[in-house]
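Okay, here's what each chain looks like letter by letter:
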Amino acid sequence: MSEQKNAYMYGMGVLKGLGLAFRHFLETYLDDLRHWGKRYKTPEGIAYRSSKEVRGIFTVQYPDEKLPVPEEFRFVPFLLYEEKDGKIEYRCTSCGICPKVCPPQCIWIVRASDPNTGRPIPDPAEFYIDIDICMNCGYCAEYCPFDAIKMDHNYELASYDRKSNVYDKAKLGKPVSYYASVRPINFAREEAANREAEEQRVARRSHA
Amino acid sequence: MSNQNITLQSDLTHIFPDIISRDERVNFEGYLVKPEHLSSIMMRLRDELGYDYLSSITGVDYFPDNKMEVVYHIRKSTGGSPLVVKAQLDRDNPVILSVVSVYPGAEFQEREIWDLFGIKFDGHPDLRRILMWEGFNGHPLRKDWKEGYYEEEGKPFKSRWPVGYYKSAEQKNPLGTNIEYPAGFDPESWVPVPEEALYAGLSKMERKDEETGISTDQVIVNLGPQHPSTHGVFRMAAKLDGETVIGLKPVMGYLHRNHEKIGERNTFLGNMPYTDRLDYFNSMSNNFGYSLAIEKLMGIAPPERAEYIRVMMAELTRIVNHLALFGFLLNDLGAYFTPFLYAFEERELILDIFEAISGSRMMCNYFRFGGVARDLPEGIMEKIKDLVFDRLPRKIDDLDLYITNNEIVRHRAEGVGVLTPEQAIAFSTVGPVLRASGVPYDLRRAQPYSIYHRFDFDVAVRYHGDVYDRYLVRLDEMYQSLRILQQVIKNIPEGPIQEGKPQYQVRVPAGESYGCVEGPKGELGFYVISNGKPNPWRYHVRAPSFINLTPLETMCIGNKIADVVVILGSIDIVLGETDR
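Q: Any chance you could explain the overall build of chain A here in plain terms?
A: Looking only at helices and strands, chain A has eight helices and seven strands in total. For chain A, the C-alpha radius of gyration of 26 Å lies well beyond 17 Å, the compact-globule estimate for 208 residues. For chain A, the residues scored as buried account for 23% of the 208 residues in total. Summarising the internal contacts of chain A: among those between residues at least 6 apart in sequence, 65% fall at separations of at least 24.

So, in structure tokens, the structure goes:
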């Protein structure tokens, strides 16, 4: 029965399909000629190959070439620190919001305490993230009130054993300048907001 | 008729006096029925009141009250919101009548409840475990069941802060003391038994040729779990007569991780990224359904701009899903990977957009209760416009041109895996499978949510109910999605994207809520019960890929074994969602 119902086609559909594949094949070479020397391994070439104009194949040959990641790309958090007179100061106050909001509970924090009085001080003594468990949801960065933890752009984290996948404070820490380089728009926005808040505070104080 | 039905629904207690009563708990809806009358009530609801479509069944364990509850969401296939019917059982010996005879679509869902809650269904034709394996100890969704590496009832765990020295789960709870066996089970002397119960369900037909008197042997063939055609780890035990399928049982659960138990340990907000992992092709629409359910409980609604962004993401995700499906379907048909990669090219471009907006290509985690996580980055609207107005219509036309009339596709797909409209409704199929069978049922129209009522689009319907029509319905749907997207892009307003301040501790008032969206695979529902605590008391996912498998046997019987692969491909399952 099925032979009858499509008898009128005589293989045209197959030819069309092969034609599509052939066109694709041809376009790749034509596109290579059109963008001679610029299609591969150049930033413009990669940008072109992820635009709507692209024709032919647009495979990016990782790891020879890498797709640029957008600013919002998130992969495993890092801790921000400021360098003041050669000393490293983490922004983290160990308030405990990130371990609470973390969906798979992969953040462990030990709050520092004053060695003399024993009272807690706003600084993390230890900070661990098990990146095997981290699901890259970005909640810690989203809900951190101090902009102290942010999502990274580095996605090449393969290692030889599982133990090295538990990141401690030293391994998580990155300078603020790094953050400004990977997320310039976010950084500028936060800086502006901080400055404004600071100005308001000063104004209020002088007013009072 | 429909008017009459509405009045009848409001007075269900008058139609069934004494055996049905309103659910009086605060923030709960629907009716409580006496379990012994369930079947007759369901029969009358279906035949007299037009509730012909069973949407979802789930169990709830009210551990402190020593009660179990079975919750039925039934609908009319003509549209409208679901009617919620509940039956309460004794927790020590929970037995209830099966509704498979009324709604055949209940088969797998009842098996799931038996598996996870231990509620027995009297009269179920094949009551075996479905997600866990036979011999598993206990029923994991019961509140007193503790999983391996159990730490606390709910997150956040206290060991993480302020004194949180890292300890891996294995260190805390070594595997050796973490295994429980059923009473009388000795793992040393245990010999694995062949799955007789599974195969027993298959041997229904005796085959003897009347004319020649020759009786032929029938063969059982297991497809999967490690089989490329099953799109993951899914197994089908098929009974064959020659090459013809005469019985087929799906076996699932290989990817089961008890998403619902994890969800009940999680905080409400913490569940959002987990929903991404259900149907990993469509994380945006999973987010959508879950946020609708919680927003209903919280009584908030997102601002205008967020609504538009949500719809835009949901429709882009539908195109992504259908493109991926075309690729896989053609793969299943033997067009090895060339068309697949052509379809994936467009998908990549859309995923680039998702990545720029949400930060991740597939695990988007973009929706929040009362809005979305962040506003669209600069320049992304231009990219979306280019795709929606220019590239995608062109490329979908291409697909249409090359696939729709390809004779191999038509030979293999036409008249294969037919599901009649009556069967499609009875088996609770949803989405493109239902619409390909001639039932114009689309939640975006049947029970409009978000702002879908503002858009001009058609519900795609085809009438043959075969694989080819399921393909065509999806093709039509992509065009309709483009139509919606074009309207969204024209009308998207400026403004805030989040209602109120973003909060990490979400206060969800006590009550129940069922939020559902028309996902690319069909009705995706989230049934949530909150008791006012930070973690949901019950969190259930009505998974379209799971329930759409119920009629798989019906579709396959009478077809050749090679067609089974195509039929399964046309249902469009994702194992992350099927097995949950």
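Following the structure, the description resumes.
Q: What am I meant to see in the overall build of chain B here?
A: A tally of regular secondary structure across chain B gives 21 helices and 17 strands. Projected onto the principal axes, the alpha-carbon positions of chain B cover approximately 75 × 60 × 60 Å. Taken over 580 residues, chain B has a buried fraction of 48%. Sequence separation of at least 24 residues holds for 67% of the intrachain contacts in chain B that already meet a minimum separation of 6.

Q: How should the domain arrangement of chain A be read in this particular structure?
A: It is common to give the size of an interface as the accessible area lost on bringing the parts into contact. You can read the domains of chain A as domain 1 (2–49) and domain 2 (75–176). Just the C-alpha atoms count here: the centres of domain 1 of chain A and domain 2 of chain A sit 48 Å apart.

Q: I'm lost on the sheet that holds strand 6 (residues 166–167) of chain A in this one. Help?
A: The strands making up a sheet are joined through hydrogen bonds of the backbone, oriented either antiparallel or parallel. All names here are of chain A. One open sheet accounts for three strands, arranged 3-4-6; its pairing is antiparallel. Bordering the open sheet on either side are strand 3 (107–113) and strand 6, each of which pairs with just one other strand. Summarising the sheet, strand 3 and strand 4 (residues 120–130) pair through six bridges and their orientation is antiparallel. By the bridge assignment, Ile-109 is partnered in strand 4 with Phe-127.

Q: Mind showing me how you'd approach the nonpolar core here?
A: Within soluble globular proteins, side chains that are nonpolar tend to cluster in buried spots. Within the largest apolar cluster, 180 residues are counted, with the highest numbers of intra-cluster contacts made by Leu79(A), Cys140(A), Ile294(B), Val564(B) and Ile567(B). Ignoring sequence-local partners within four residues, the contact set of Cys140(A) consists of Pro77(A), Cys98(A), Val101(A), Cys102(A), Ile107(A) and Ile149(A).

Q: What's the story with the interface of chain B and chain A in this structure? I'm lost.
A: Contacts between chain B and chain A engage 43 residues on the former and 43 residues on the latter. Of all the secondary-structure elements, those providing two or more residues to the side of chain B that touches chain A are helix 8 (271–276), helix 11 (338–358), helix 12 (380–404) and helix 13 (407–413) of chain B. With eight residues, helix 11 of chain B is the single largest residue contributor to the side of chain B that touches chain A. Grouping the amino acids of the side of chain B that touches chain A by side-chain chemistry returns 21 nonpolar, eleven polar and eleven charged.

Q: Can you walk me through the packing of helix 10 (residues 304–332) of chain B against helix 11 of chain B in this structure?
A: All names here are of chain B. Between helix 10 and helix 11, the shortest axis-to-axis distance is 8 Å and the interhelical angle comes to 160 degrees. The pairing of helix 10 with helix 11 is recorded here as roughly antiparallel in orientation. In this structure, helix 10 meets helix 11 at a crossing whose hand is left-handed. Of helix 11, the residues touching helix 10 (which contributes Leu-316, Ile-319, Val-320, Leu-323, Ala-324, Phe-326, Gly-327, Phe-328, Leu-330 and Asn-331) are Pro-339, Phe-340, Ala-343, Phe-344, Glu-346, Arg-347, Ile-350, Leu-351 and Ile-353. The residue inventory of the contact of helix 10 with helix 11, partitioned by class, reads 15 nonpolar, two polar and two charged.

Q: So what exactly am I meant to see when it comes to the sheet that holds strand 8 (residues 219–223) of chain B here?
A: Residue and element names in this part refer to chain B. Read from one edge to the other, the open sheet built from three strands follows the order 8-11-12, with strand pairing classed as antiparallel. Of all strands in the sheet, those bounded by a partner on one side alone are strand 8 and strand 12 (244–251). Averaged over all pairs of adjacent strands, the angle between strand axes in this sheet comes to 20 degrees, irrespective of strand direction. The strands touched by helix 20 (residues 561–571) within the sheet are strand 8, strand 11 (235–241) and strand 12, with strand 11 carrying the most contacts at an inclination of about 145 degrees.

Q: When you look at the confidence of the model for chain A in this model, what are you seeing that I'm missing?
A: The predicted coordinates of low-pLDDT regions are not to be read in fine detail. On average, residues of chain A score 84 in pLDDT, and 95% of them reach the 70 mark or higher. Across residues 1–7 of chain A the pLDDT falls below 50, and counting only partners more than four positions away or on other chains, this stretch makes six contacts in the model.

Q: Sorry if this is basic, but what is going on with helix 10 of chain B here?
A: For the α-helix, the turn length of 3.6 residues means that residues three or four positions removed from each other point alike. All names here are of chain B. With 29 residues, helix 10 ought to run about 42 Å at 1.5 Å a step, and its terminal C-alpha atoms sit 42 Å apart, in line with that. By the criterion of burial, helix 10 is predominantly enclosed, with 26 of the 29 residues buried. At the C-terminal side of helix 10, Gly-334 shows a positive phi close to 105 degrees.

Q: Would you explain the domain arrangement of chain B in this entry?
A: Residue and element names in this part refer to chain B. Here the domain parsing of chain B yields domain 1 (2–122), domain 2 (196–251) and domain 3 (259–579). Of note, the centres of domain 2 and domain 3, computed from C-alpha atoms alone, are 32 Å apart. Taken together, the contact pairs 19 residues of domain 2 with 17 residues of domain 3. Elements with a contribution of two residues or more to the side of domain 2 that touches domain 3: strand 8, strand 10 (232–233), strand 11 and strand 12. Broken down by element, the residue count for the side of domain 2 that touches domain 3 peaks at seven residues, all from strand 12. The residue makeup of the side of domain 2 that touches domain 3, split by class, is eleven nonpolar, six polar and two charged.

Q: I'm lost on the environment of Val100(B) in this one. Help?
A: Topologically, Val100(B) is positioned in the loop between strand 6 (95–97) and helix 4 (106–117). In the structure, Val100(B) is positioned 327 residues away from Phe427(B) in sequence and 9.4 Å away in space, judged by C-alpha atoms.

Q: Teacher, can you tell me more about the confidence of the model for chain B here?
A: Residues and elements named next belong to chain B. Here chain B averages 85 in pLDDT, while 95% of its residues score no lower than 70. In the predicted structure, residues 1–9 sits below a pLDDT of 50 and forms five contacts with residues beyond four places in sequence or in another chain. This prediction of the complex comes with two scores: 0.88 for pTM and 0.87 for ipTM.

Q: Mind showing me how you'd approach the pairing of strand 4 of chain A here?
A: Here is the key point about a regular strand: its side chains alternate between the two faces of the sheet. Residues and elements named next belong to chain A. Counting the residues in the hairpin turn of strand 3 and strand 4 gives six residues, including Gly-118, whose phi is positive at 80 degrees. Here two bridges tie strand 4 to strand 6, and the two strands are oriented antiparallel to one another. Residue pairing in the sheet places Asp-130 in a bridge with Val-166 of strand 6.

Criteria and cut-off values
- Residues numbered from 1 in each chain as written.
- Chains lettered and ligands numbered in written order.
- Predicted model: local features only at pLDDT ≥ 70, side-chain atom pairs only at ≥ 80, totals over all residues.
- Helix = DSSP H or I, 4+ residues; strand = E, 2+ residues; numbered from the N terminus.
- Rg over C-alpha atoms; globule rule 2.2 N^0.38 Å.
- Buried ≥ 20, exposed ≤ 12 C-beta atoms within 10 Å, placed from the backbone.
- Contact = placed C-beta atoms within 7 Å.
- Domains from an automatic or database assignment.
- Pairing = 2+ DSSP bridges.
- Core = buried A, V, L, I, M, F, W, Y, C linked by C-beta atoms within 7 Å.
- Nonpolar A, V, L, I, M, F, W, Y, C, P; charged D, E, K, R; others polar.
- Axes fitted to C-alpha atoms, helices over the stretch in contact; angles between N-to-C directions.
- Parallel < 35°, antiparallel > 145°, perpendicular 65-115°, else oblique.
- Left-handed = near helix turned anticlockwise from the far one by under 90°.
- pLDDT = per-residue confidence, 0-100.
- Expected span 1.5 Å × (residues − 1).

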